[in-house]
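# Summary of structural features
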Amino acid sequence: MTAEHRRTLPRFTVAASVLAAALVCSAAQTVAQAPVKGARDVTFTKDVAPILQRSCQGCHRPGSVAPMSLLTYEDARPWAKAMKMRTALRDKPTVMPPWFIEKNIGIQQYKGDVSLSDDEIGAIAAWADAGAPRGNPADMPPPLTFLDASEWAIGQPDLIVSSPTVTVKGTAADWWGPLAEVQTSLAEDRYVAAVEMKEVNDLDKAAGRQTIGGRFIVHHLIWSAVGDGTSRTEIEAWPVHEVGRNADFFDPAAGKLLKAGSKLVFPSVHLHAAGTDARAHVDFAFKFHPKGYQPAKRVLGLDLTATLDLDIRPMEANQKIETFTTLDRNVKMLVFEPHMHAAGVRMCLDAIWNSMAQTLSCAGYNHGWVRVYSYADDAAPLLPKGTILRVTGYFDNTPANRNVVDPRNWSGLGHRSIDNMMINIGQVLVLSDDELQQEMAHRREVLHLKDGQTVLGCPLCGYSKKPVGTTGGPQK
Ligand code: HEC
């Protein structure tokens, strides 16, 4: 979403009232149909509105991507039952909010986690079951303010570069291809702290359809920045522009280099019709670090990809495909980003070190959503070279998966959504042996690890010395 909340919201819990509701419910069954008192205590203004502010309104407000607003009681009331149904799906591919990390396995600490706790899911259900009461208007939290579509979440940009303009007829077929390169006119090398990309088009938003497809024509745009004499190893891994993408704030110690005289190159854009003729371009806004800044670290892309042909059989659920990669360097993994296509419904990432196998993350997958899960700083996997990473993709090629157009078809590897992909799009910091030791010492300290204690995502963190029986690895 392009909008950012302007103030941080307090964490919210309704544990007490939900528990009370449960107790009263079970008592009610034995005491002949007494009204469910506890459930009536859950109200919109007190219990539900704070949840909607934290986890829903970024999308569910006028002018954003979701089909209906959930800003006010009047807006939300008709959707009470649907809200109960969609929030109860947890990590299933149609859950709301669209955050699919499984909570019973793997690392649980992620930045910007908007998913609901069991208590919050219970509160929405109790509220819907009680007839969606409004409650005391005085309990209503003050409304959030959202960034206007023309504002930049990264603040005032230091440089804005526009892609070439494209035109798409209202009924045109989808189009893929390259766009002409553009000059940045940057006079000196600068390091980028944040980048934000926005499609600017002439579609009438008020008249347009209330869907993402009716508001934009650029589905995604792959780009890079190439300066004079930039060598292959110097080319930074820039985030792809995708409809609905947030601004990217890079690790403050790992600014990305935009070289003097850089041009932006666009090897591939995917355009689609919006129902009416439209012209559009994408604006790239860069926020720079101060002059003289030097990065201490460099973030690299590390895609864990199934390169074999994916053999997805027709009319079959629960198809599982694995791919393995052995790390040839020590890394700190910064994100988990499952990327599959229409048939994909789940992905897991495991790390295997010596005889220790750990599941780092599992998430449901819905090809209608682009989700990247950033590990919290003290939970990001610290993996020594020699670690084997296993990515497991799960595919559902049956009518139960509504993203698949015709599940009677076999499908294989390919670029179109009806073909398949299976990638964990990784971002990593490469660590020297010393840096890995430092990171692990820090982790031992903040997590108060005892000697020999293992921790999820860091097989060697519990050891201040090389554990007996391990091979390879960072120890000296
Ligand atoms: C990242 C954006 C986003 C967030 C956050 C989000 N939604 Fe949605 N929501 C959508 C979009 C887009 C749709 C329409 C597509 C779909 O149904 O999946 C939708 C659909 C729904 C629907 C179904 C509407 C219908 O027509 O039946 C419900 C109910 C819903 N959301 C409730 C919620 C609740 C409650 C939250 C917060 C707990 C939430 N959403 C958070 C984007 C979002």
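Now for a description of the structure that goes with this document. (Residues numbered from 1 in each chain as written. Predicted model: local features only at pLDDT ≥ 70, side-chain atom pairs only at ≥ 80, totals over all residues. Heavy atoms only, no water.)

Scanning all chains against the criterion turns up 21 salt bridges. Put simply, Arg54 and Glu120 hold a salt bridge, and the shortest N to O gap is 2.8 Å. Here the residue Arg54 occupies a position in helix H3 (residues 44–55), and Glu120 occupies one in helix H6 (residues 118–129), the gap between them amounting to 66 residues. You'll find Arg54 and Glu120 in the same group, each marked buried. (Salt bridge = Lys/Arg side-chain N within 4 Å of Asp/Glu carboxyl O. Helix = DSSP H or I, 4+ residues; strand = E, 2+ residues; numbered from the N terminus. Buried < 20%, exposed > 50% of the residue type's maximum accessible area, 1.4 Å probe, protein only.)

Another aspect to go through is the side chain of Glu199. One can find Glu199 in strand E4 (residues 190–201). With relative accessibility at 10%, the residue Glu199 sits in the buried group. At 3.0 Å, the side chain of Glu199 forms a polar contact with the backbone nitrogen of Val218. Discounting chain neighbours no more than four positions away, the residues touching Glu199 are Phe216, Ile217, Val218, His241, Ala280, His281 and Val282. (Polar contact = N/O pair within 3.5 Å; in protein donor to acceptor, adjacent residues only side chain to side chain. Contact = heavy atoms within 4.5 Å.)

Turning our attention to the sheet that holds strand E5 (residues 218–226). Strand order in the open sheet formed by 4 strands is E3-E9-E5-E6, and the pairing between neighbours is antiparallel. A strand with exactly one partner marks an edge of an open sheet, and here the two such strands are strand E3 (175–183) and strand E6 (241–242). Two strands pair when backbone bridges link them, and E5 and E6 are joined in this way by 2 bridges, in the antiparallel orientation. Paired with His220 across the bridge in E6 is Glu242. (Pairing = 2+ DSSP bridges.)

This next bit is on the site of the ligand. Close contacts around the ligand come from 19 residues, with Cys56, Cys59, His60, Arg86 and Met96 the closest. Note that a nitrogen atom of the ligand is positioned 2.7 Å from one of the side-chain N or O atoms of His60. With 4 residues, helix H5 (residues 80–87) is the single largest residue contributor to the shell around the ligand. Its residues assigned to classes, the shell around the ligand shows 15 nonpolar, 3 polar and 1 charged. (Near = heavy atom within 4 Å. Nonpolar A, V, L, I, M, F, W, Y, C, P; charged D, E, K, R; others polar.)

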